[in-house]
Structures are given as C-alpha cells and as structure tokens.
There are 2 protein chains.
Amino acid sequence: MAKMRSRGTGLPTLAEVAAKAGVSPITASRALRAVPSVDPDLVERVRKAAKLLGYVPNPAARTLASARSRSVMVLIPALTNQLFIEMFEMIEQVLSARGFEALMGHYHYDQAEEERLIRNYLAYQPCGILVTGFGQSEVSARLLADCGLPRIHMMELAETADVASVGFSQEAAGAAVARHLIERGRRHFAFFGAQLDRRLLQRRDGFQRALVEAGFPPALEIMTPEPSSIALGAAQFSALRQTDPGIDAIFFCNDDLAFGASFEALRQGVRVPETIAFVGFNDLPGADQILPRLTSVRTPRAEIGRCAALRLLALIEGEKPADTRLDLGFELIVRDSS
Amino acid sequence: MAKMRSRGTGLPTLAEVAAKAGVSPITASRALRAVPSVDPDLVERVRKAAKLLGYVPNPAARTLASARSRSVMVLIPALTNQLFIEMFEMIEQVLSARGFEALMGHYHYDQAEEERLIRNYLAYQPCGILVTGFGQSEVSARLLADCGLPRIHMMELAETADVASVGFSQEAAGAAVARHLIERGRRHFAFFGAQLDRRLLQRRDGFQRALVEAGFPPALEIMTPEPSSIALGAAQFSALRQTDPGIDAIFFCNDDLAFGASFEALRQGVRVPETIAFVGFNDLPGADQILPRLTSVRTPRAEIGRCAALRLLALIEGEKPADTRLDLGFELIVRDSS
DNA sequence: CTGAAAGCGCTTACAG
DNA sequence: CTGAAAGCGCTTACAG
C-alpha cells in the first residue's frame, strides 16, 4: 500500500490507475500507450480508470525509464519574425495530433546561443530534431550528428543527400526576383539586406547571379547585420535616395524593410513603381494592404513546417526516408509595387 | 562498475562526474547545485570534472527525484501578436539568468485549449506559473489554485488582493484615449474591436465610460470575434465609411487594425487626422513609421514580463509577497494621426 | 561537511 | 496476453 500514494504534486500515479482497474501497473502502462498485445477489455477498463482519476502520465518518469521522450526539439532563429511563428505553429499542430510535443528554442540568430540550446535540450532526451537551415557552428553540427537522433533541416535545401531537408531554393527565389524586375524594364538595381543570415545571402547570390547573367552590373548592396525592421527599411531607403537616386528597383530581403521604404517613399513623394520598383520577401501580412500593394515572394513556411514534422515522425517511427530533400518552391506574387 | 556506464543517450551521468572527482554522487550533486555545505575544494573538483565530461544534468531524473523541476509554466494567448513575444522574451531572459527555464504554451485565445495546456504542463511539475490575465475557465482556475504553485497573472490587474498580478489598468488606458480624443475636439466616436478578449473589453468599457462621463453618447462599436489583422482593419474601416461617414474619431483595439484602416484611408483619400482621427493600441513596431504616424498607447509588456518573472522567482524562493498588485501603467504616444 | 540507503513513477527486458 | 523484477539518473531524508 505504501506504493499507492499519490505523487508529490497530488496527481494520480499509474499504480493508482492500475489498482482501480484491477490490473498490474505494467498492463496499465501498456494499455495507455496502446501497445497492441493488451486485451481490449482491459484496455477499456484502464482507460476508464485513468479518465476517472484524471490521470496524466508523468513525463519525467517516462523519459527516465525509456531514455526517450515524446518531445521534438525545434530550433528557430527568432520569434520576432512572424515567418517562423507560422512554421512553428504548424509543427506543433502536426506533433500534438500524434501525441508528441515541441520543445521549442530560439537563439536570436546567434550560433553560440544555438549551441547552448542544443546542449541543454539534448539533456531532455528528445526523440527527434527540427532545425532551421544549415548555419550551425561546427560544434553544434557535431552535437546534432553525434546524438544520432532523427533530424530534418527546414527552410534551406541540403547540398548533400546524407541529410534530410524540407524547404526551397533561396537562390532560385532571388534569381526569380531579378528576372521579374528585368522584365519590367528596370536597369539599376539595389539589394537591401539586414540580419545577414545564410539564407539571405543565398537570396542575394541568386539575385546577383541572375542580373549578371542577363548582362547587368551587380546590384548595389545596402547591408547591415542589425535585425530587420520597418524603421530600418525607412532609414536605408532614405539614405539610398541621397547617395544613389538613379536606382530604379530594390529587392528587399524581408517585407518589413520594404514596408519601411514604402512609408518613406510616400513621405518623400517618390513614386512607386513609376520612379522605383519594390519587391519584398516572405509576403508577410500587410503586403497586400500597404500602399502601393507590395510585390513579394511568398514562402511556404507553414507547409515546410507541416512536411518537416510529418517526415520527422516517419523517421522516428522507423520508416526509411524516401526523398531526403523536399523542395516546396515559392511563388512570386506580383502586385502594384513593381 | 555496472552503475558507471553512460546513459542511453551517451551523455555522461552524475556518477561518472563523481567518480572522476573522487567523491560520492551525492556530494557531486550538492556541489553542482551549489548547496552551501560542501567543501570549496570538492566543489572545485566536481565542477572541473563536470566541465571535462561535458556533463549536463538529466532534467527527467532531477524532476522525478525532487518532484519539482526548474521549469516555469508560461501561458500566452497567442504567438501571432508581437506583444506577447516581447513579454515572453523578457521572461525567458530573467528565468535563464537564474537557472530556470520557461515551459511556454499558447492557446489561440481559447479557454478549452488553455485548460488542456494547464493539465499537460502540470504533469511536468513546474515550480511556478505565469499566466496571462484572468480569463481562464472555471476548471482552469481550479487547476491553477489547487496545485498550490506560486503564480502571477500578467497584463491585467487583479480585483482582489489574494492573487498576485503585474500589469496595468486596461480600463484606464481606454479612458485616457477617450479624453485625448475629446480634447482634440472630436465628437463622433467609434471603437474597433477584434478577438474580443477580456482585456479588450475592459479597454472598451473604459473608453465608453469616459465618453459618457464627458457627456457624449457612447461610441459606435464595430466588433468581431475573429483575430485582429491588418486586412480586417482595412475592411472594417471601409465598411464604416459606407454606413457612418460622420464618425470623426476611431479607437482601435490593436495597432494592426489601425494600420489596415490607415492604408484604406490613403486609398480612399480620406484625410487623417483632418477628417477622422485614429488612435491605436500597443504601439507596435511600425506605428511610428506609417502614414500618418499613428497615435497609440504604449503598453509596458517587456517590463511586465520582467517584473512578473522576478516576483515569481521571489515567491519560488520562499519570499513573502510584498505587493500582490503591481501597476506598471501605460503611455499615450501622440503622433500625427490624432 | 560527507555518504549509504531508499525512492521518485514509469518502462524495459525477461518469463510464463 | 499478463506480470514480477530491475533499473533509468537523480535527490531526499537520515546518519555520522
């Protein structure tokens, strides 16, 4: 009987559920985990007892005993970009529908913070890993590889086939923007970048390459490592108008920069797209409302989250990975600004 | 020796650290937790051994043994509102600096989802709870009360003294907006609401009360339970211009609605503030950049997160709560739109 | 100031 | 299909 008391928190234990159902704790455990070998009648009885007592399994005990949790480590560069929130919400939805949960961490686009996070979260013995891109430090990369956990990289596409990825080609997206602006008759290009993460640089590379291939000189680059923001976009655009008034097309690495520039253009009376064309990136909420409505590249972040989570679950459940690389593409949404 | 092998994950265990330092596991445990009674030399040795092995405590084992984790349950209505992200990031910062971590959950402003979340997270045996506001279901409220964990409510101020809260008076904020618009000579008021959560209704109540007290009829209410968004603000404003062109001042429950209305006003050529004044809420990024620059109520969400986390840690560490109610106020930022 | 014993609430083999 | 035994990696009393 001593083993029958509730746990410290007052929550009921598996032993109590088992006693109420008249079975052994192991059978109760199996019944609740839907292990197939259990008599359906017993399963029913155990489930009823669990519900009656309001039983919730103790994840600490479960993790300790099995050396594996039902948590998936999800690493995201920042919470301040709605992009990643949309991806994460989808991940959560897929995971929770299958009885898993997300152990989410963000690292302000900082490799050292990411490394610390990985080390900490590994101690929670997650059953799988979802990471953003391939910009990890060497130490992080080693930690991820050595733990041997199923893992999928999101947003970027892997260059080699030995690692699974779900995303789209950032370079191709950059190139598509260049081609669009060229088709629209633009001749003097600028690229606005902030944060300067890996994927942004890939977009820039694609943009520049396509320009050069079409016979244009490379675009003027206005870059800063500080985080992207509306105010920054306004400031960058204002500066550009002073120094390079001849620019007639700008590709912004993120919509918020484009929003800021749009406001500044309105204030200064610079006509968009007549004088200068704007193309943003991500198609964030508001791109379709701002003046002028913003041309932008719609990125499939929710779908990336969904597919990555689904594929990870398949790996966790021992399935063979079919394709290791899933390209979900992107879509150029042409509106009034270009 | 059998007890000395690494754990399933390959991570080193406390026993290994203890062996390397030449002490018992209990002493190693105490040394790493900075229990004061341990010989400084031993602490040093244990720390060195831990660092050498790259030891990270197993949280599952720790939680199971102590019936208490170092996790704080943090409940947030939604991740899609930057407001809560800013509050949460501050909470995280305070917690992690003191060796705690956030177990964050969000519930799409849905009471049932919040209840499920509470039930699940309680199983993780958190050491404290940070919740947003007081709009929980009865069941949720009981779960929170019965677990007996230290708890602080954020954003809203409690009505009774038996529960701790850190926030500001939503009603007072609404009233301040009303008084400002009246001072500016406005006469025909509307209130735009979405989501219709508790705090929004409090702001509305404060707004309406102040209008009535000043001798005006109550404001026209344009309300919808759907989530707040830029597109919604544009649509609501467009509709209002059809039905009630005489309105000369709008208080928006959130800046994104105001942003959408600002775009629509530009499109329709409705002059702000000449024809109609706009006041937003929260002073989100972009409010100072949009055309016209938006008057808004700046809410101290980061400071709320910081103070709430700090006070919770004090409670966790057994301190007596000084004030149970901390009013951090708000600030009306008057810009060009009113 | 340090340690041996017991136990947290589960699950993993191993029997039957 | 079901169960008794052992153990996951820590910490909590309890001794000394």
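Residues numbered from 1 in each chain as written. Chains lettered and ligands numbered in written order. Predicted model: local features only at pLDDT ≥ 70, side-chain atom pairs only at ≥ 80, totals over all residues. Heavy atoms only, no water.

Chain A appears in an unreviewed UniProt entry as LacI family transcriptional regulator from Xaviernesmea oryzae.

Focus on the overall build of chain A
In plain terms, the rule: Helix and strand assignments come from DSSP, with helices taken as H or I runs of at least 4 residues and strands as E runs of at least 2, each series counted from the N terminus. A radius of gyration in this sense is built from C-alpha atoms; the matching globule rule multiplies 2.2 Å by the number of residues raised to 0.38. The buried label goes to any residue with under 20% of its type's maximum accessible area, the exposed label to any with over 50%, and the partly exposed label to all in between, with areas taken from a 1.4 Å probe on protein chains only. Throughout, a residue-residue contact means that at least one pair of heavy atoms, one from each residue, lies within 4.5 Å. Residue-level accessible areas treat just the shown protein chains as cover; the underlying method is Shrake-Rupley with a 1.4 Å probe. Counted as positive: Lys and Arg. Counted as negative: Asp and Glu. His and the chain ends are not counted at all. A charge is said to be at NZ when it belongs to Lys, at CZ for Arg, at CG for Asp and at CD for Glu.
A count of helices and strands for chain A gives twelve helices and twelve strands. Computed over C-alpha atoms, the radius of gyration of chain A comes to 25 Å, more than 25% over the 20 Å expected from 2.2 N^0.38 for 338 residues, which places it beyond the range of a compact globule. Along the first, second and third principal axes, the C-alpha set of chain A runs to 85 × 40 × 35 Å. Taking all 338 residues of chain A together, 54% fall into the buried category. Across chain A, every contact between residues at least 6 apart in sequence was considered, and the portion connecting residues at least 24 apart equals 70%. Roughly 14,500 Å² of accessible area belongs to chain A as shown, and the carbon and sulfur atoms make up 51% of that amount. Computed over 38 positive and 39 negative side-chain charges, the inter-centroid distance for chain A is 8 Å.

Remarks on the UniProt feature "domain: HTH lacI-type" (unreviewed entry) in chain A
The line we're drawing: UniProt positions are given in the numbering used here, feature names are shortened, and annotations may be inferred rather than shown by experiment.
This chain's UniProt record puts "domain: HTH lacI-type" (unreviewed entry) on residues 12-66 of chain A. Across residues 12-66 of chain A, the secondary structure splits into 69% helix and 0% strand, with the terminal C-alpha atoms separated by 20 Å.

Focus on the pattern of salt bridges
Residue and element names in this part refer to chain A. Applied cut-off: By definition, a salt bridge exists where a carboxyl oxygen of Asp or Glu is found within 4 Å of a side-chain nitrogen of Lys or Arg.
Applying the stated criterion across every chain, the model contains 28 salt bridges over all chains. A salt bridge links Glu221 to Arg204, with the shortest nitrogen-to-oxygen separation between them at 3.2 Å. Taken together, the residues Glu221 in strand S7 (residues 220-224) and Arg204 in helix H9 (residues 198-213) connect sequence positions 17 residues apart. Residue classification places Glu221 among the partly exposed positions, given a relative accessible area of 33%. With a shortest N-O distance of 3.1 Å, Glu303 and Arg306 are connected by a salt bridge. Linking Glu303 with Arg306, this pair stays in helix H12 (residues 301-316), spanning three residues, or about one helical turn. Relative accessible area serves as the criterion here: at 31%, Arg306 is assigned to the partly exposed category. Through salt bridges that share partners, Glu156, Asp197, Arg198 and Arg199 make up one connected network.

Some details on the relation of the copies chain A and chain B
Heads up, the rule is: Here the copies are matched by least squares. The fit uses the C-alpha atoms of residues with pLDDT of at least 70 in both.
Once chain A is rotated about the relating axis by 180° and shifted along it by 0.0 Å, it coincides with chain B to within an RMSD of 0.0 Å. Both copies are brought into coincidence by an operation consistent with a two-fold rotation axis. Taking C-alpha positions as reference, the residue of chain A nearest the rotation axis is Ala60(A), located at 2.1 Å. Interface residue correspondence from chain A to chain B reaches 100%, placing this contact among same-surface, isologous pairings.

A few points about the sheet that holds strand S9 (residues 277-282) of chain A
Residues and elements named next belong to chain A. Heads up, the rule is: At least two bridges found by DSSP between two strands is the condition for calling them paired. With axes taken as lines fitted to C-alpha atoms, and helix axes fitted only over the stretch in contact, angles between N-to-C directions fall between 0 and 180 degrees.
Taking strand neighbours across the sheet as the criterion, the six strands line up as S7-S6-S8-S9-S10-S12 in an open arrangement whose pairing is mixed. Sheet topology places S7 and strand S12 (331-333) at the edges, where each strand pairs with a single neighbour. Averaged over all pairs of adjacent strands, the angle between their axes in this sheet comes to 20°, without regard to strand direction. With four bridges connecting them, strand S6 (residues 189-194) and strand S8 (residues 249-252) associate as parallel partners.

Examining the packing of helix H1 (residues 14-21) of chain A against helix H3 (residues 40-53) of chain A
Residues and elements named next belong to chain A. The criterion, for reference: Any angle from 65 to 115 degrees is called roughly perpendicular, while one under 35 is roughly parallel, one over 145 is roughly antiparallel, and all others are oblique. In a left-handed crossing the near helix is turned counterclockwise from the far helix by less than a right angle, and in a right-handed crossing that turn is clockwise. Any residue that is not Ala, Val, Leu, Ile, Met, Phe, Trp, Tyr, Cys, Pro, Asp, Glu, Lys or Arg is counted as polar, Gly included; the first ten are nonpolar and the last four charged.
At a closest axis distance of 8 Å, the pairing of H1 and H3 adopts a crossing angle of 125°. Looking at the two axes, H1 sits oblique to H3. Crossing angle aside, the handedness with which H1 passes H3 is right-handed. The residues of H3 that touch H1, namely those facing Glu16, Val17, Lys20 and Ala21, are Arg45, Val46, Ala49, Ala50, Leu52 and Leu53. Among the residues making up the contact of H1 with H3, the classes are represented as seven nonpolar, no polar and three charged.

A short note on the side chain of Asn81(A)
Relative to the elements of secondary structure, Asn81(A) occurs in the loop between strand S1 (71-76) and helix H5 (82-97). Apart from residues no more than four positions distant in its own chain, Asn81(A) is found in contact with Tyr109(A), Asn254(A) and Leu284(A).

Regarding the interface of chain A and chain B
Test applied: Here's the idea: put two parts together, see how much 1.4 Å probe accessible area each one loses, and the total over both is what we call buried area.
With 42 residues of chain A in contact, the opposing surface of chain B contributes 42 residues. Here chain A packs against chain B, burying approximately 3,700 Å² in sum over the two surfaces, 63% of which is carbon and sulfur. One can count zero salt bridges joining chain A with chain B. Mapped by element, the contributors of at least two residues to the side of chain A that touches chain B are helix H4 (59-66), H5, strand S2 (101-106), helix H6 (111-122), helix H10 (230-243) and helix H11 (255-268) of chain A. Classifying every residue of the side of chain A that touches chain B by side-chain character gives 22 nonpolar, twelve polar and eight charged.

Focus on helix H10 (residues 230-243) of chain B
Residues and elements named next belong to chain B. This is how the line gets drawn: Any helix carries an expected span of 1.5 Å times its number of residues minus one.
Between its first and last C-alpha, H10 extends 20 Å over 14 residues, near the 20 Å set by a 1.5 Å rise per residue. Buried within H10 we find Ile230, Leu232, Gly233, Ala234, Gln236, Phe237 and Leu240. Looking at the buried side of H10, the elements it contacts are strand S6 (189-194), strand S7 (220-224), strand S8 (249-252), helix H11 (255-268) and strand S9 (277-282).

Details of the packing of aromatic side chains
Selection criterion: The pairing test for Phe, Tyr and Trp rings, Trp by its six-membered ring, is centres within 6.5 Å, and the orientation test on the planes gives stacked under 30 degrees, edge-to-face over 60, and tilted for anything in between. Either the NZ atom of lysine or the CZ atom of arginine qualifies as a charge over a ring when it sits within 6 Å of the ring centre and within 35 degrees of the ring normal.
Using the criterion set out here, one finds 27 aromatic pairs over all chains in the structure. Seen from their ring centres, Phe251(B) and Phe281(B) are 6.2 Å apart, and the 55° between their planes marks the pair as tilted. Of the two residues, Phe251(B) is situated in strand S8 and Phe281(B) in strand S9; the sequence distance between them amounts to 30 residues. Across this residue pair, the class does not change: Phe251(B) and Phe281(B) are buried. Ring centres of Phe252(B) and Phe278(B) lie 5.0 Å apart, and the angle between their planes is 85°; this geometry places the pair in the edge-to-face category. In this pair, Phe252(B) sits in strand S8 while Phe278(B) sits in strand S9, placing the two residues 26 residues apart along the sequence. The rings of Phe168(A), Phe189(A), Phe191(A), Phe207(A), Phe216(A), Phe251(A), Phe281(A) and Phe330(A) are connected pair by pair, giving a single aromatic cluster. Directly above the ring of Phe100(A) sits Arg70(A), whose terminal nitrogen or CZ lies 4.1 Å from the centroid. Positioned above the aromatic ring of Phe281(B) is the side chain of Arg203(B), whose terminal nitrogen or guanidinium carbon lies 4.1 Å from the ring centre.

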